[in-house]
Amino acid sequence: MNNVIIIRYSEIFLKGKNFGFFEKKLFDNIHEKISNFECDLIKSNKRFFIENYDIKNEKKLIEILGTIFGIHSISPAIKIESNIELISNYISTLNIKSKTFRVTVNRADKNFPISSIEFSKNLGAIILDNNKNISVDLHSPDTIVYVDIRETKFSYIYSKVINGLGGMPVGTSGSGLLLLSGGIDSPVAGYMMARRGMEINAIHFHSYPYTSESAKQKVIKLANIIKKFTGSFKLYVVSFTKIQENIHKNCSSSFMITLMRRIMFRIAEKIAKANNLQCIITGENLGQVASQTVESMTVTNAVIEDLPVFRPLISFDKDDISKIATKIGTFETSILPYEDCCTVFLPKHPVIKPSIDKCLKEEQKLDIMKLIDDALKDIEIIDI
Amino acid sequence: MFFDNASTTKVDDTIIQNLKKINDEFFYNPSALYSEGLKTKIFLEKMRKDILKNLNAEDYELIFTGSATEANNLAVFGTLKKNIRKILVSIGEHPSIYNTVCEIKNQGFQVEFIKLNNDGSVDIDDFKNKMTSDVGLISIMHVCNENGAINNIEEIVNIAKSINEKVIIHCDGVQAVGKINVNLDNLNVDMYTISAHKIHGFKGVGALIFNKKIKLKPIIYGGGQENNIRSGTENVYGIYSLYKAVDIAVNNLQINYNHVMNLKNHFIEKLENTGISFKLHSGNNCSPYIMSISFLGCRAETLLNLLSDENIFVGNGSACSSKKSGNRILEAQGIPMSEIESNLRISFSKYNTIEEVGYLIESISKCVNDYLLKIKKHF
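Definitions and cut-offs
Note on numbering: residues in each chain are counted from 1, in written sequence order. Throughout, the order in which chains and ligands are written sets their labels, letters from A for the former and numbers from 1 for the latter. With pLDDT at 70 or above as the cut-off, local features in this predicted model cover only qualifying residues; side-chain atom pairs require 80 or more to be listed or tallied, and sums for whole chains, interfaces and linings still use all residues. By the criteria applied, helices consist of DSSP H or I runs no shorter than four residues and strands consist of E runs no shorter than two, each listed in order from the N terminus. We call two residues in contact when their backbone-placed C-beta atoms lie within 7 Å. Any two strands between which DSSP finds at least two bridges are classified as paired. A fitted line through C-alpha atoms represents every axis, and for helices the fit uses only the stretch in contact; the resulting angles, taken between N-to-C directions, go from 0 to 180 degrees. A residue's pLDDT is simply how confident the predictor is in it, with values from 0 to 100. Domains are outlined according to an automatic or database domain assignment. Buried means a residue has 20 or more other C-beta atoms within 10 Å of its own C-beta, exposed means 12 or fewer, and partly exposed covers the counts in between; C-beta atoms are placed from the backbone. Left-handed describes a crossing whose near helix is turned anticlockwise from the far helix through less than a right angle; right-handed describes the clockwise counterpart. Three classes are used: nonpolar for Ala, Val, Leu, Ile, Met, Phe, Trp, Tyr, Cys and Pro, charged for Asp, Glu, Lys and Arg, and polar for all others, with Gly counted as polar. Note on angle classes: values under 35 degrees are labelled roughly parallel, values over 145 roughly antiparallel, values of 65 to 115 roughly perpendicular, and the remainder oblique.

### Brief notes about the overall build of chain B
Looking only at helices and strands, chain B features 13 helices and twelve strands. If you line up chain B on its principal axes, its C-alpha atoms span 75 × 50 × 30 Å. Taking all contacts inside chain B whose residues are at least 6 apart in sequence as the whole, residues at least 24 apart take part in 74%.

This is how it looks when you write it as structure tokens:
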């Protein structure tokens, strides 16, 4: 008899011929994250088990599993030989603190000599005998004692089923470049795409001295928070100062944000392609600010040559985004009020419905290719 | 070049040089019963007495704390009683008082804030209006950390005590001690907070000086040090730095004051000659050590970064609160938002020189002009 942690897969179950690929990726991702602990990760019949760990580390291991996409649920359990007497003996030691309970036996091993229903009844009776002030409730019990009798000649007994993050294992759905601003939305956008199995890298546009070193440190901090979910990645920090100054000097102020975003997209696509990343990801959200109207997004999208642009938060309310940000731990950092590169040159009346023609006309006042080339020469790459 | 001395200061060389000796002789635990522990205790008591003497506070008690923030918290929570009906606090207080009274307000106490004048000092008329016989605790700072305004504490104490002689009056003297004349006997306050690192001592040490009649309740429990009011082994090195810093500052007060006043006058005179558009938010009755100044049309954070590139370090509002947007104190002074957004705090110490101020002016002139040129629209 020993302690184990049962790990159940999420929707990768639904995969057909590629199931092995998804399963292996999830296995590798878990293995990497728990590599600091002395334990065994075992694959067995469409589940993973962590075994031979120090019980003191169980809580920490479960916490880590709670940050890995592709896991449906987690249960700390007792692994015991599939033997009526051994299981009954163990059940008799349980001290159940709640008022009501039920026992659910799942007999995957059809050779086990007693039916699930009958064994449940017997075990329930043992619990009743050994715990005072407790009664059986089959419909909505406070505690369910699960007894999982597997084909492996071993059974698993547990009562906790902890929800995992769901989604797909990171690394099974390609890779993308996230525009990470330092606000509330973009870290959440990165998290959402990683949840669908995408490997994330990020780009940040820095405008020193209009924004301070603290603003950059804030973005690095945010990147480190989402790293917990996405795994290690590269953060490309691009100096945007010259570009902003040039737009400000030469172009109509109402187009400031639109032109900035068109240039940011161009730079992002170049960096993505150069690093074999397959898409651009933004935290844009329809109607939140002037640069997030469908017209604005049309003109920013128009500069992208090949890659798709994913906006996982497009239909979310700000409240919903904030809730996810709080859950993943980025909210408190995101709301630190350092200047970000969009606020410093914010025009009083930004254009809400820009047209591509007008943008092109404004851009003729700039040497765009040179500005972009210069920015690309001066990239700081930070390993997160 | 460091012009953010209201946030902290460089430790005095004398203190650093004497540390070895202090460590050799007085590293012992002052609570220990053997002779060396007792010697350390005697040394500690001598330092306590000398600090009080230097502030003309020989009839007062002094409790060493881990910071002035802790001393301010002790002043509020240590005297808080259920029967205190009303607490009066200036709206211009440091966050260590302001946020503390906001917390007790949440706990159900009635807290009223006193308005500020345009120069940042407490509005005495507003104080008179709000000072009623049911006010049990007052906290008003001696010198404002944002703009250097000096409050007339003696007048405030007279008004308050004439209405309720039992009212407890606390004064945060962190930016006053060692910079302007502090005579606690004359001020007649019940509690007074001081800090080491604002006057070339160490960070992590402060003290609350208080009237012997005040019965302070501890906010930290443990081994019963500091007369059972502030448990925790006494930080002898930090306390030495506070004692020595007070001693040096008080005994050189006039020389340093004249020197800093000279720096400030020189700064303003030279700045006027540059033709740069600026507005000074520190009035006539203020400490020359702190200047609150807006460089019109420049965003403070950007200007701070540009100056930092020139190796000049200035403050952006209060360093303790620079992470919070807006600025409560400048707003209370009635300063328009455009001037708050362009506000820097330039604060001097005895170590700054006329040459440094010359370079400061040169750099401000260069940075402001470059900045304005870059953000200017050409059409």
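Still more ground to cover, so stick around.
### Focus on the pairing of strand 4 (residues 71–81) of chain A
Residue and element names in this part refer to chain A. Sheet topology places strand 1 (residues 2–9) next to strand 4; eight bridges connect them, and they run antiparallel. When the sheet's bridge partners are listed, Tyr9 is paired in strand 4 with Ile71. Of the strand pairs in this sheet, strand 4 and strand 9 (residues 162–166) are connected by three bridges, and their pairing is antiparallel. By the bridge assignment, Ile74 is partnered in strand 9 with Ile162. Where strand 4 lies against strand 8 (residues 154–158), four bridges are found, and the strand directions are antiparallel. Counterpart to Lys79 in the pairing with strand 8 is Tyr156.

### Focus: the sheet that holds strand 12 (residues 234–239) of chain A
Residues and elements named next belong to chain A. Spatially, 14-13-10-11-12-15 is the arrangement adopted by the six strands of the open sheet, whose pairing is mixed. Edge positions in the sheet fall to strand 14 (309–310) and strand 15 (379–383), since each of these pairs with one other strand and no more. With five bridges joining them, strand 10 (residues 175–179) and strand 11 (residues 199–206) adopt parallel strand pairing. In the strand pairing of strand 11, Gly176 is matched with Ile200. Across the face of the sheet, helix 6 (residues 213–230) comes into contact with strand 11, strand 12 and strand 15 while running at roughly 175° to strand 11.

### A word on the sheet that holds strand 10 (residues 290–295) of chain B
All names here are of chain B. Sheet architecture is open: three strands sit in the order 9-10-12, paired in antiparallel fashion. Of all the strands in the sheet, the pair left with one neighbour each is strand 9 (278–280) and strand 12 (343–347). For this sheet, the mean inter-axis angle between neighbouring strands, taken without regard to orientation, is 30°. For strand 10 and strand 12, the ladder comprises five bridges, and the chain directions are antiparallel. Residue Met291 lies in a different strand from strand 12, and its bridge partner there is Ile346.

### Describing the confidence of the model for chain B
Low pLDDT marks stretches whose predicted atomic positions should not be read closely. All names here are of chain B. Chain-level pLDDT for chain B is 93 on average; 96% of the residues reach the 70-or-more range. In the model of chain B, helix 12 (residues 337–341) stands out as the element of lowest mean pLDDT, 87, in contrast to strand 7 (residues 191–195), which has the highest, 98. Confidence over residues 318–324 falls short of pLDDT 50; this stretch has eleven contacts with residues more than four positions distant or in other chains. We note a pTM of 0.81 for the whole complex and an ipTM of 0.71 for its interfaces.

### A word on the domain arrangement of chain A
Its domain assignment divides chain A into domain 1 (2–166) and domain 2 (175–383). Distance between the C-alpha centres of domain 1 of chain A and domain 2 of chain A: 44 Å.

### Considerations on unusual backbone geometry
Omega for the bond connecting Tyr208 of chain A with Pro209 of chain A falls within 30 degrees of zero, at 10°, which places this linkage in the cis form. Its place among the elements puts Pro209 of chain A in the loop between strand 11 and helix 6. Notably, Asn188 of chain B is not glycine yet its phi reads approximately 65°, a positive angle. Of note in this structure, Asn227 of chain B is not a glycine but carries a positive phi near 60°. Inspection of the secondary structure puts Asn227 of chain B in the loop between strand 8 (206–211) and helix 8 (236–251).

### Describing helix 10 (residues 300–309) of chain B
All names here are of chain B. The element helix 10 is largely enclosed, with a buried count of eight among its ten residues. Listed as buried for helix 10 are Ala300, Glu301, Thr302, Leu303, Leu304, Asn305, Leu306 and Leu307. Where helix 10 terminates, the next one or two residues include Asn311, which has phi positive at roughly 70°.

### With respect to the packing of helix 7 (residues 241–250) of chain A against helix 8 (residues 256–274) of chain A
Residue and element names in this part refer to chain A. In the contact formed by helix 7 and helix 8, the axes pass within 10 Å of each other and the chain directions differ by 140°. Classified by chirality, the crossing of helix 8 by helix 7 is right-handed. Of the residues in helix 8, those in contact with Ile243, Gln244, Ile247 and His248 of helix 7 are Met256, Leu259, Met260 and Ile263. In terms of residue class, the contact of helix 7 with helix 8 is built from six nonpolar, two polar and no charged.

### Some details on the environment of Lys242 of chain A
Residue position: Lys242 of chain A is located in helix 7. Distance from Lys242 of chain A to Leu371 of chain A, taken between C-alpha atoms, is 7.6 Å for residues 129 residues apart in sequence.

### A word on the packing of helix 5 (residues 185–195) of chain A against helix 6 of chain A
Residues and elements named next belong to chain A. Between helix 5 and helix 6, whose axes approach to 10 Å, the crossing angle comes to 15°. Relative to helix 6, the element helix 5 lies roughly parallel. Like other packed secondary-structure pairs, helix 5 and helix 6 cross with a definite hand, here right-handed. Contact residues: helix 5 offers Pro187, Gly190, Tyr191 and Ala194, while helix 6 offers Leu222, Ile225, Ile226, Phe229 and Thr230. Of the residues that constitute the contact of helix 5 with helix 6, the class distribution is seven nonpolar, two polar and no charged.

### Brief notes about the domain arrangement of chain B
All names here are of chain B. Split by domain assignment, chain B resolves into domain 1 (2–6 + 253–371) and domain 2 (13–251). Looking at the side of domain 1 that touches domain 2, the elements with two or more residues in it are strand 10 and helix 11 (328–332). Ranked by residue count, the leading element in the side of domain 1 that touches domain 2 is helix 11, at four residues.

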